[in-house]
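# Breakdown of the fold
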Amino acid sequence: MEQTLALIEQVRNLSPNAVRLAQLVSLAVQVEPELLRKARLELLPRVDAGVEADLWFSPLVQSENVLALVLLPEVEEVLRQQLSEDQRLLDRAWKVLQKVHENAPPVIRLEEEIIWLALSKRADSLEVIEQRLLSVIAAITKQNRLGLARWAVSALPRLPKLTHQSRAFWMLAFGAGALLSGRQIVRDEIPKNALENWLSWALPK
């Protein structure tokens, strides 16, 4: 964590607006040039376009190509938490992301919604997250949607910690892991009730 904070401060000293922009787009699974531009114009209207390049080629980025960039997971986690400290700004960033990604694949939009819910202070956040993840489990078990299981294997470890309080999170983690890889996909302490009867219907027969 200390190294991540130091890295963010290093970039902030060079380009504080690049860190601000990174924070605003940190809800996204991947960040396209269109999203960077939209977030800058709507949320940082006084900042010039050069900040987009500052972020694109900064050490905060794990990978990038002409289509999109992906932030370092540890950087993403810190920036999301910082963004959640200003709930009004969080919701504004979410609205921008929704608009830009309205035609994105459903699993991308689902993951981004869960991220936003986990960071928001809505009273029903955990309940809605539970519903979303249960719908994924139902699609896997009843419709044999293995693509959703593959999504879960990659997405669940990236989700904010609040999602780990959801029973459906662990049902999906165990079920998808057993179905595709036979291993634990979330390196976290397993809840004591993880082996109760509710788990059996998430596992492959």
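Before reading on, note that the structure itself is shown above.
Let us look at the structure shown here. (Residues numbered from 1 in each chain as written. Predicted model: local features only at pLDDT ≥ 70, side-chain atom pairs only at ≥ 80, totals over all residues. Heavy atoms only, no water.)

Inspection of the secondary structure puts Leu83 in helix H5 (residues 73–84). By relative accessible area, Leu83 is classed as buried at 0%. Remark: the alpha-carbon pair of Leu83 and Leu119, spanning 36 residues in sequence, is separated by 8.4 Å. Those residues in contact with Leu83, other than ones at most four positions away along the chain, are Gln23, Leu24, Ser26, Leu27, Leu89, Leu90 and Ala93. (Helix = DSSP H or I, 4+ residues; strand = E, 2+ residues; numbered from the N terminus. Buried < 20%, exposed > 50% of the residue type's maximum accessible area, 1.4 Å probe, protein only. Contact = heavy atoms within 4.5 Å.)

What follows is about the nonpolar core. If you look at the biggest cluster of nonpolar residues, it comprises 67 residues, and the most contacted ones within it are Leu27, Leu35, Leu36, Leu55, Leu60, Leu156 and Leu172. Here Leu172 is in contact with Leu133, Val136, Ile137, Ile140, Trp151, Ala152, Leu156 and Gly177, once residues within four sequence places are set aside. (Core = buried A, V, L, I, M, F, W, Y, C linked by side-chain atoms within 4.5 Å.)

Moving on: helix H2 (residues 16–24). Among all positions of H2, only Ala18, Val19, Leu21, Ala22, Gln23 and Leu24 are buried. In this fold, the buried residues of H2 make contact with helix H1 (2–14), helix H3 (33–43), helix H4 (50–56), strand S2 (69–71), H5 and helix H6 (87–100).

What follows concerns the packing of aromatic side chains. Evaluated as defined, the whole model comprises 3 aromatic pairs. Measuring from ring centre to ring centre gives 5.0 Å for Trp94 and Trp116, while their planes differ by 10 degrees; the resulting arrangement is stacked. On the criterion of sequence distance, the pair formed by Trp94 in helix H6 and Trp116 in helix H7 (residues 106–119) is long-range, its members being 22 residues apart. Take Trp94: its relative accessible area is 8%, and that puts it in the buried class. The rings of Phe169, Trp170 and Phe174 are connected pair by pair, giving a single aromatic cluster. (Phe/Tyr/Trp six-rings, centres within 6.5 Å; stacked < 30°, edge-to-face > 60°.)

Moving on to the environment of Leu126. With respect to the secondary-structure elements, Leu126 resides in helix H8 (residues 125–143). Spatially, the C-alpha atom of Leu126 lies 10.0 Å from that of Arg167, the residues being 41 residues apart in sequence. What Leu126 contacts, discounting residues up to four positions off in sequence, is Leu162, Gln165 and Ser166.

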